[in-house]
Amino acid sequence: MTDLYIGLMSGTSVDCIDAVLAEFSEVDGELRCHTRAALGHPISNEMREAILALCAPGPSELDRAGQLDRRLGEEFAAATLAVLQKAGVKPSAVKAIGSHGQTVRHRPPGSVSTPFSLQLGDPNTIAALTGITTVADFRRRDMALGGQGAPLMPAFHNAVFRTGRDRAVVNIGGMANITELAADGQVRGYDTGPGNALLDYWVKLHLGQPYDADGAWAASGAPHPTLLNRLMGDPFFAAPAPKSTGREAFNPSWLERASAGLEVPPADVQATLAEVTAASIANGVREFARGGELLVCGGGARNNDLMERLRRRLPTWSVTATNEYGIDADWVEGAGFAWLARQTMLGLHGNCPAVTGADKETVLGGIYPA
Ligand SMILES: Nc1ncnc2c1ncn2[C@@H]1O[C@H](COP(=O)(O)OP(=O)(O)OP(=O)(O)O)[C@@H](O)[C@H]1O
Ligand SMILES: [Mg+2]
């Protein structure tokens with residue numbers, strides 16, 4: 001018995017909308033996830049600017065958020081129809097869509113007195129334009145139970161990547177998050193800090209490129225020891241889990257504050273930022289276990305320089321993109337939201353309280369019927 005679900009993800013990098021058509025089957029009580037088709041639906045520059053503008057406080061936020069919510073719903077629907085067309089599959093064959101939405105503010109417990117997380121991309125619009133039942137708003141139920149509402153992927157990683165050995169999975173998107181799958185069955189996970197977001201910002205500022213392809217620019221520089229120490233001195237890195245983060249904490253002004261009084265060549269800043277991403281991930285991995293397999297997903301898995309930095313810091317670990325383990329690194333998160341929709345439709349919990357800090361397991365999200 002196989003079921004088709006679609007996962008939609010637009011992450012903190014705002015690079016594109018990931019749309020993944022995932023096929024789930026259970027073989028001898030074990031879940032299999034096969035990505036039938038996937039694509040990155042483009043986001044226009046104008047829409048990217050509108051999203052990024054809403055990621056920081058500013059005037060007329062409610063009107064801008066209300067309109068962007070509708071427009072993103074339309075884009076998510078278009079991404080869905082495009083991936084279905086690519087696969088040659090009819091909407092009626094899909095059980096449900098799991099849509100993460102576009103985060104414009106994430107204020108987890110500990111950062112403000114009343115924590116919240118806000119994603120845009122109206123699920124009513126998605127359901128209306130696709131004719132497919134849509135599940136959305138995955139973070140807030142976990143937060144209502146005292147959790148961080150993040151990261152959500154460890155539960156999915158546990159469902160599809162667990163083995164009898166120590167394994168870690170790291171997703172390097174705009175921010176980075178780690179999942180620790182211990183040989184004894186325990187699951188832990190948390191956000192480690194910045195992933196690609198600042199690398200993207202810095203290369204755009206200096207070379208006008210949307211990202212540092214293969215990390216070539218970072219590889220041409222050398223990490224600046226003082227800047228690296230200052231950045232790694234951020235209390236977030238040493239704080240215990242559960243913890244989650246976003247652009248609210250790791251942004252250009254964070255880099256500017258740490259750079260005060262230092263003259264660092266731009267390529268060395270890029271190398272330092274890459275080292276911050278690698279070091280914060282590697283510290284988490286080393287704390288988890290002495291050695292094992294580290295599976296890397298998200299856009300960062302394409303960054304050779306970043307992968308090499310991880311390998312240098314983790315000589316007792318095999319560091320490989322998830323492609324080697326059955327799911328393309330680019331589509332793991334999208335497949336994860338397809339899985340979360342499946343959990344919700346089956347009435348199964350989607351959160352992992354050991355990861356998010358929620359009081360208990362819970363079914364996540366709201367269902368918007370076709
Ligand atoms: N060939 C490449 N070389 C270097 N970096 C790359 C390459 N391809 C993609 N990337 C990086 O990956 C980023 C996109 O990653 P991804 O889509 O996983 O992040 P995201 O959308 O922010 O997701 P998340 O929700 O996990 O934060 C790009 O912004 C870029 O920095
Ligand atoms: Mg992305």
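Residues numbered from 1 in each chain as written. Chains lettered and ligands numbered in written order. Predicted model: local features only at pLDDT ≥ 70, side-chain atom pairs only at ≥ 80, totals over all residues. Heavy atoms only, no water.

Quick notes on the site of ligand 1
In the vicinity of ligand 1 there are 22 residues, among which Thr12, Ser13, Asp200, Asp214 and Gly299 approach most closely. Within the contact set of ligand 1, an oxygen atom lies 3.5 Å away from a backbone nitrogen or oxygen of Gly11. One of the backbone N or O atoms of Gly174 is found 2.9 Å from an oxygen atom in ligand 1. Notes on ligand 1: free accessible area 650 Å², of which the protein chains cover 88%. Considering only residue class, the shell around ligand 1 consists of 5 nonpolar, 11 polar and 6 charged. Mapping the shell around ligand 1 onto the domain boundaries places at least three of its residues in each of domain 1 (2–150 + 331–368) and domain 2 (153–325). (Near = heavy atom within 4 Å. Polar contact = N/O pair within 3.5 Å; in protein donor to acceptor, adjacent residues only side chain to side chain. Areas by Shrake-Rupley, 256 points an atom, 1.4 Å probe, with all protein chains shown as cover. Nonpolar A, V, L, I, M, F, W, Y, C, P; charged D, E, K, R; others polar. Domains from an automatic or database assignment.)

A look at helix α13 (residues 332–345)
The end-to-end C-alpha distance of α13, which contains 14 residues, comes to 20 Å, matching closely the 20 Å that a straight helix rising 1.5 Å per residue would cover. By the criterion of burial, α13 is predominantly enclosed, with 12 of the 14 residues buried. Of all the residues in α13, the buried ones are Val332, Gly334, Ala335, Gly336, Phe337, Ala338, Trp339, Leu340, Ala341, Arg342, Gln343 and Thr344. Just past α13, the residue Gly347 takes up positive phi, approximately 75°. (Helix = DSSP H or I, 4+ residues; strand = E, 2+ residues; numbered from the N terminus. Expected span 1.5 Å × (residues − 1). Buried < 20%, exposed > 50% of the residue type's maximum accessible area, 1.4 Å probe, protein only.)

Comments concerning helix α11 (residues 266–288)
Every α-helix winds through 3.6 residues per turn, so residues three or four apart in the chain are directed the same way. The terminal C-alpha atoms of α11 lie 34 Å apart, and with 23 residues this matches the ideal 33 Å at 1.5 Å per residue to within 8%. Along α11, 19 of the 23 residues are buried, which leaves the element largely enclosed by surrounding structure.

Some words on the sheet that holds strand β10 (residues 292–297)
Judged by pairing direction, the sheet is mixed, and its 5 strands sit side by side in the order β9-β8-β7-β10-β11 without closing on themselves. Edge positions in the sheet fall to β9 (187–194) and β11 (317–321), since each has one partner strand and no second. Adjacent strand axes in the sheet meet at a mean angle of 20°, parallel and antiparallel pairs treated alike. Helix α5 (residues 153–161) rests against β7 (167–172), β8 (175–181), β9 and β10 of the sheet, and its axis sits at about 45° to β8. (Pairing = 2+ DSSP bridges. Axes fitted to C-alpha atoms, helices over the stretch in contact; angles between N-to-C directions. Contact = heavy atoms within 4.5 Å.)

Thoughts on the environment of Ala329
Mapped onto the elements of the fold, Ala329 is located in the loop between β11 and α13. In this structure, the C-alpha to C-alpha distance between Ala329 and Arg141, residues 188 residues apart in sequence, is 28 Å. With sequence-adjacent residues up to four places away left out, Ala329 is seen in contact with Val296, Cys297, Gly298, Ala301, Ala321, Thr322 and Asn323.

Quick notes on the environment of Ile132
By the element assignment, Ile132 lies in the loop between α3 (123–130) and β6 (134–136). Ile132 has contacts with Thr80, Leu84, Pro91, Val94, Ala96, Ile97, Ala127, Tyr368 and Ala370, leaving out every residue within four places of it along the chain.

Details of unusual backbone geometry
Glycine aside, negative phi is the norm for most residues, and most peptide bonds take the trans geometry. In this structure, Pro151 follows Ala150 across a cis peptide bond, with omega equal to -15°. Turning to its location among the elements, Pro151 is positioned in the loop between α4 (140–144) and α5. One non-glycine residue, Ser60, lies in the positive phi region at around 50°. Tracing the sequence through the fold places Ser60 in the loop between α1 (45–54) and α2 (61–87). Positioned with a positive phi, Asp137 is a non-glycine residue whose angle comes to about 65°. If you trace the backbone, Asp137 turns up in the loop between β6 and α4.

So, the packing of aromatic side chains
Per the counting criterion, the structure on display carries 10 aromatic pairs. Ring centres of Phe156 and Trp339 lie 5.8 Å apart, and the angle between their planes is 45°; this geometry places the pair in the tilted category. Taken as a pair, Phe156 in helix α5 and Trp339 in helix α13 lie far apart in primary sequence, 183 residues in all. Summarising the burial analysis for this pair, Phe156 and Trp339 share the class buried. In textbook terms, an aromatic cluster arises when at least three aromatic residues are bridged by ring pairs, as seen for Phe236, Phe237, Phe250 and Trp254. Above the ring of Phe236, the side-chain terminus of Lys243 is found at 4.6 Å from the ring centroid. (Phe/Tyr/Trp six-rings, centres within 6.5 Å; stacked < 30°, edge-to-face > 60°. Lys NZ or Arg CZ within 6 Å of the ring centre and 35° of its normal.)

Remarks on the confidence of the model for the chain
Chain-level pLDDT for the chain is 97 on average; 100% of the residues reach the 70-or-more range. No element of the chain has a lower mean pLDDT than helix α14 (residues 353–356), which averages 96, and none a higher one than β6, which averages 99. (pLDDT = per-residue confidence, 0-100.)

Describing the domain arrangement of the chain
Segmenting the chain into domains produces domain 1 (2–150 + 331–368) and domain 2 (153–325). Spacing between the C-alpha centres of domain 1 and domain 2 amounts to 23 Å. Between domain 1 and domain 2, the buried area comes to about 1900 Å², and carbon and sulfur atoms account for 65% of it. The largest share of the area that domain 1 buries against domain 2 comes from Thr12, Val332 and Val355, three residues that together contribute 30% of it. If you look at where domain 1 meets domain 2, you find 0 salt bridges. Between domain 1 and domain 2 we count 7 residue pairs in polar contact (both at pLDDT 80 or more) in total. A per-element tally of the side of domain 1 that touches domain 2 places α13 first, with 7 residues. The residue inventory of the side of domain 1 that touches domain 2, partitioned by class, reads 16 nonpolar, 8 polar and 3 charged. (Buried area = accessible area lost by both parts, 1.4 Å probe. Salt bridge = Lys/Arg side-chain N within 4 Å of Asp/Glu carboxyl O.)

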